[in-house]
Structures are given as C-alpha cells and as structure tokens.
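Coordinate analysis (summary)
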Amino acid sequence: MRHTTITLKASALQKNLNTIRQNAPTAKVMAMVKANAYGHGIAWALQGLLEADAYGVASFGEGVQVFDILSKINCQKLSVKPIVLIEGVFSQSEWLQALDYNFSCVVHCQNQLDWALANVPKNVSFSRTIWLKYNTGMNRLGFGKNDVLASAKLLMDKGYNIILTSHFACADDRENLANGLQIERFNEVLGALKAMHADKIQGSLCNSAGIFNFPSVHYDWVRAGIALYGGMAVADKTPNQLGLRPVMTFTTHIFAIHELNVGEQVGYGGLWMADKPSRIGVLSVGYGDGYPRVVQNAHVFITKNSQQFLIPVVGRVAMDMMMIDITDVPVGVGDEVVLWGEGLPAYQVANWANTIDYELFCKTTARPLRQLAM
Ligand SMILES: *Cc1c(COP(=O)(O)O)cnc(C)c1O
C-alpha cells in the first residue's frame, strides 16, 4: 500500500474552536467551512464544529452541502444554525432558492439588494438577516459609505435585520496602518445605523487574524477560518503560541533508498548533485497529492528512536514522488515522514513554497488516504 496519508485530528479542531471562543468571549463564532473546510473535508469538519454559531460558505452549492450534512446529523430537515453565503447569491433565482433553504446571505451589490427587496421571506428566518457588506478599504466586495447607509435603510424598511460586515485586508500585520482606517470607517457606519435602529443592527469585522490582533472590534460575530484549522493567523506569533493545534498532518513513508557517488544527480532536470557520497530517500508523495512542486530549500520531519530530524528535500518534486537527503541521519525504508502538521507546521512548508498554509490545505488532492483521529 502507498502510505501517503492525511490524518485529521478531531480534538485539535475542538481545541482551536475553544481557543477562538476564549479570545472572543463576547462574540458569536461563524466557522468558515468554505472550500471543503479549507481542504479538511466538509462532512468531517462539521462533526467537530457543531458548537459553532454559524457556518460560512462561498456559494449556494457549498451551502446545500452543509445543509444536507447538518440535516443528517440533526435528524431533521432544517438547520438550527445559520448557513451564510459570504459572497451572496449570483442570480435572482438563486436568491429564491436560498430562501427555500433559509440561508443567510451577504448583500454586497445593487443586484443582490434588488433581489432581496423584491422577494422578502415571509417568515422570521435566517434569511431575514442580511449580512450587508461595507467596503472599508479592501476594495474587493461591498458598498461605499453612502450606499451602505441607504441600502440598510431600504432593507430595514422591508423587515430585514442587518449584520453590517466588512473584511480586513491586512489584519495579520497588527501595525499596518490600513487596519486603523478600516476600523474607523466601520465604527462610523455601525454607529450611524445603530443610532437609527439599534435593535436591528449587529456588526462583524474580524477574521482569524482580527480575532487575535483586534480584540476591541469583535462586535457581535467573528468569522474564524484558518485558526480553526490550526494555521498561521497572525504574522508575529506561531499557531502554537496562540494556543492553536494542527488539525491536518500529512505523512508518507520512505520506500526506496539510493547511495550516490560524488557528481551524481537527483530527479527531473538533475537539479541536485551530490557533492559528497550521499544517501537519498525516496518518498511516495508528490504534487499529485498536494505537496507543492515549487518548494525551495524545503525540509521534512522524521521522528526516530525519540530523536527528531529536519531533513532537506532534494531535486524536483514529481507528481508521485520526491527525494530527501538522509546521508547524515539513521533512517531507512519504512520510516514515517511528516510533510506538514504535527512536528512541522504547515506555514513553514508554505514559506518554502512562497505561499500560505491556507493554499496548502486547500490543494491537498483526493489521492492521499484520509484517516480520522481523536
Ligand atoms: C474566508 C473568510 C474569512 C475567514 O478568514 P480566515 O483568515 O481564514 O480566518 C472571514 N471572512 C470572510 C468574508 C472570508 O471570506
């Protein structure tokens, strides 16, 4: 059997949700489960996130997936927690379908506003709460200040409640001046709306980074993604320092070994050459499993006989295999190798691949065996 495995740890997911709650004690927590729960598997992740207060997804299709899974778990054909479409709907007919499912939707543009005003859900429901998106400076989604105030008034007049929402562009970097500006803009509009209709207005600004870096602006809802999965939330603290544990551990085995003479090359393109007699271990994992091909000066982690080794990756990562230089370490065929997770945080591998751990998680493919652990 090929030993390439992704182990998913339920206790880590729960511990991370608790850590988020401790850091945001006054806010409700939306668990971001978009993109197949950041590649962790939506059905598995939801089982571990039943204590969350809402679930955030990117599309109607993802919302239906979450709805079906939660309905099965709850043994009833309605979800007891809001499912929020964070980009809203993409057509009027999708809006009507979203009402059928009782999804809660972001409204970020005029079309979505028109659909919501023309088709108000009759019953008090999750759909009667609109996540109204205010563009405070990221310039990705949302209304400007005047339009957001006008839209809010139109929606409230139709009987909607509003959660004013916005998204940080630079929250991982606490000192970045953009943060203060976004917070100031958000506070101003939230204050103006509350002055009109305090009982119909809530606020939500923080993603994972905001939860840790900006505790004074948690408002009513925080939206936690990467922190749930134990990834890198802020620039100046490791997940471990924040009390977060890796949920995903990606492992394989050494399954072949070569002894090389000086001058011999390794892998496609012969990118790596032995400058001394070398021992090369071959791993049964590659970019076809989701290990990034683009890594430079990357390492893998091995524990053997209570000793820990960080071992360099050599040569090009191939689709199914990659090589490591085990010249100086007492390891051999059959030994387990951690690609990322427990022992080697994913953000470090992400650094070697010039990306972020979010992308590594999302890009794991269906090929590795998924193994569940407590
Ligand atoms: C994905 C997403 C989040 C979660 O971000 P993390 O950095 O993973 O915590 C929060 N809010 C919105 C609107 C998102 O799209």
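The structure this text deals with has already been given above.
What comes next concerns the included structure. No experiment lies behind these values; they were computed from the predicted model shown.

Side note on the overall build of the chain
If you tally the helices and strands in the chain, you get 11 helices and 18 strands. Expressed along its principal axes, the backbone C-alpha trace of the chain runs to roughly 80 × 45 × 35 Å. By the burial criterion, 53% of the 374 residues in the chain qualify as buried. In the chain, the share of contacts with a sequence separation of at least 24, taken over all contacts with a separation of at least 6, comes to 67%. In the chain, the 31 positive side-chain charges and the 30 negative ones have mean positions that sit 6 Å from each other.

Considerations on helix H4 (residues 60-74)
If you check H4, its first and last C-alpha atoms are 20 Å apart, about what 15 residues at 1.5 Å a residue would give, namely 21 Å. Buried within H4 we find Phe60, Glu62, Gly63, Val64, Val66, Phe67, Ile69, Leu70 and Ser71. Turning to H4, the residues buried within the fold contact helix H2 (34-38), helix H3 (42-48), strand E3 (54-57), strand E4 (83-85) and helix H5 (92-100).

Quick look at helix H7 (residues 145-157)
Here H7 spans 19 Å end to end across 13 residues, near enough to the 18 Å set by a 1.5 Å rise per residue. Of all the residues in H7, the buried ones are Val148, Ser151, Ala152, Leu155 and Met156. Take H7 and look down its axis: the buried residues cluster within an arc of 130°, on one side only. Summarising the geometry of H7, the exposed residues directed more than 90 degrees from the buried face are Asn146 and Asp157. For H7, the elements touching its buried residues are helix H6 (110-118), strand E6 (129-133), strand E7 (161-165), helix H8 (177-197) and strand E8 (201-204). At the C-terminal side of H7, Gly159 shows a positive phi close to 100°.

Here's the deal with the site of the ligand
The local shell around the ligand holds 13 residues, among which Lys34, Tyr38, Ser208, Ile226 and Tyr358 are the closest. Taking Tyr38, its side chain carries an N or O atom lying 2.6 Å from an oxygen atom of the ligand. Between the ligand and the protein, one listed contact pairs a nitrogen atom with a side-chain N or O atom of Arg223 at 2.8 Å. In isolation the ligand has 390 Å² of accessible area, and contact with the protein removes 92% of it. A majority-of-atoms criterion places the ligand in the largest pocket. Counting residues per element, the ones that place at least two in the shell around the ligand are H2 and strand E9 (221-224). Residue classes in the shell around the ligand are distributed as 6 nonpolar, 4 polar and 3 charged.

Thoughts on the pairing of E8
Alignment of E7 against E8, held across 4 bridges, turns out to be parallel. Note on E8: the bridge partner recorded for Leu164 is Gly203. In this fold, E7 hands off to H8, which returns the chain to E8; that crossover is right-handed.

Calculation criteria
- Think of each chain on its own: its residues are numbered from 1, step by step along the sequence as written.
- Totals for whole chains, interfaces and linings use every residue, but because this is a predicted model, local features are given only for residues with pLDDT of at least 70 and side-chain atom pairs only at 80 or more, for both listing and counting.
- Where side-chain values are given, they derive from all heavy atoms of the structure, hydrogens and water being excluded.
- The secondary structure listing takes helices from DSSP runs of H or I that are at least 4 residues long and strands from runs of E that are at least 2 residues long, numbered from the N terminus.
- Any residue under 20% of the maximum accessible area for its type is buried, any over 50% is exposed, and the rest in between are partly exposed; the area is computed with a 1.4 Å probe on protein chains only.
- Throughout, a residue-residue contact means that at least one pair of heavy atoms, one from each residue, lies within 4.5 Å.
- Only four residue types enter the tally: Lys and Arg on the positive side, Asp and Glu on the negative side, with His and both chain ends excluded.
- Working definition for charges: the position is that of NZ of Lys, CZ of Arg, CG of Asp or CD of Glu.
- The span one expects for a helix is its residue count, reduced by one, times 1.5 Å.
- By construction, the arc corresponds to the directions joining the helix axis to the C-beta atoms.
- Residues are counted as near a molecule or strand when any one of their heavy atoms sits within 4 Å of it.
- Nitrogen and oxygen atoms within 3.5 Å of one another constitute a polar contact, given that in protein one can donate a hydrogen and the other can accept it, and given that sequence-neighbouring residues count only through two side-chain atoms.
- Only the protein chains shown count as cover for residues, and the accessible areas themselves come from Shrake-Rupley with a 1.4 Å probe.
- Grid spacing is 1 Å over the protein atoms alone, the probe is 1.4 Å, and a cavity is where that probe fits but cannot get out, while a pocket is an open set with protein on both sides within 12 Å along at least five of seven lines and lining residues have an atom within 4 Å of a point.
- The way we define it, a molecule is inside a pocket or cavity when more than half of its atoms are within 2 Å of that pocket's grid points.
- The residue classification treats Ala, Val, Leu, Ile, Met, Phe, Trp, Tyr, Cys and Pro as nonpolar and Asp, Glu, Lys and Arg as charged. All others, Gly included, are polar.
- For two strands to be treated as a pair, DSSP must find at least two bridges joining them.
- Looking down the strands as they point away from the viewer, one classifies a crossover as right-handed if the path from the first strand across the helix to the second runs clockwise.

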